[in-house]
Amino acid sequence: MIEHLVHAFYAKVRSDPMLAPVFAARIADWEPHLAQMCAFWSSVALMTGRYHGTPMVKHMPLPVDAEHFDRWLALFEQTANEICPPQAAAHFVERAGRIASSLELGIANGQGVMLAFGERFRRQMEDARPCC
């Protein structure tokens, strides 16, 4: 189920007008990335310990903000609801929300922005241009 979820989700990401350019600028060979994301979600959802990466470090330089995370979460939730039984979908979506919040906070901090509780990270217009 995790493999099906990951592959279906990233198929949507790769065709999304907002998210596709961010990923296309950094990922040339999708198979290793998809395998790594399957390991990541296996670790997150099932506590398997298969993933041994540094997601915050990988996401820090990305030209993304709250709008990107909202879109990412919307696509993820849509895909999880299409593929997973309701209880599993809710489990994945809850964890995805925590991950997105953590990454958004880390990226904001990396840009020198301290977010207040409930505040979202919005890039300045000159920083929000597409990366490619």
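Because the structure is a prediction, the values reported are computed rather than measured.

Undergrad: Hey, could you run me through the overall build of the protein in this one?
TA: Within the protein one finds six helices and zero strands. Ordered by position from N to C terminus, the α and β elements of the protein give α-α-α-α-α-α. Here the protein has a C-alpha radius of gyration of 15 Å; the compact-globule value for 132 residues is 14 Å, and the two agree. Seen through its C-alpha atoms, the protein measures out along the principal axes to roughly 40 × 35 × 25 Å. Per-residue burial for the protein yields a buried fraction of 42% across its 132 residues. Taking all contacts inside the protein whose residues are at least 6 apart in sequence as the whole, residues at least 24 apart take part in 72%. With the model as given, the accessible surface of the protein reaches about 7700 Å², and the carbon-plus-sulfur share is 58%.

Undergrad: Would you explain the nonpolar core in this entry?
TA: General note: in soluble globular proteins, nonpolar side chains tend to be found buried as a group. Ranked by internal contacts, the top residues of the largest apolar core, which has 40 residues, are Val6, Tyr10, Trp41, Trp72 and Phe92. Sorting the residues of this core by element identifies helix 1 (2–15), helix 2 (20–24), helix 3 (30–46), helix 5 (66–83) and helix 6 (86–110) as the ones contributing at least two each. Contact partners of Phe92, with chain neighbours within four places excluded, come to Ile2, Leu5, Trp41, Ala45, Phe76 and Cys84.

Undergrad: Would you mind showing me how to read the pattern of salt bridges here?
TA: Pairing between side chains of opposite charge can happen when their charged atoms approach one another. Following the criterion strictly, the structure yields six salt bridges and no others. Linking Arg120 and Asp70 is a salt bridge whose minimum nitrogen-to-oxygen distance equals 2.9 Å. Within this pair, whereas Arg120 is found in the segment after helix 6, its partner Asp70 is found in helix 5, the two being separated by 50 residues in sequence. Among the ionic pairs, Arg120 bridges to Glu104, the shortest N-O distance being 2.8 Å. Of this pair, Arg120 sits in the segment after helix 6 while Glu104 is found in helix 6, placing the two residues 16 residues apart along the sequence. Overlapping salt bridges bring together Asp70, Glu104 and Arg120 as one network.

Rules used in this analysis
Residues numbered from 1 in each chain as written. Predicted model: local features only at pLDDT ≥ 70, side-chain atom pairs only at ≥ 80, totals over all residues. Heavy atoms only, no water. Helix = DSSP H or I, 4+ residues; strand = E, 2+ residues; numbered from the N terminus. Rg over C-alpha atoms; globule rule 2.2 N^0.38 Å. Buried < 20%, exposed > 50% of the residue type's maximum accessible area, 1.4 Å probe, protein only. Contact = heavy atoms within 4.5 Å. Areas by Shrake-Rupley, 256 points an atom, 1.4 Å probe, with all protein chains shown as cover. Core = buried A, V, L, I, M, F, W, Y, C linked by side-chain atoms within 4.5 Å. Salt bridge = Lys/Arg side-chain N within 4 Å of Asp/Glu carboxyl O.

Functional significance is not addressed by these values, which are geometric in nature.
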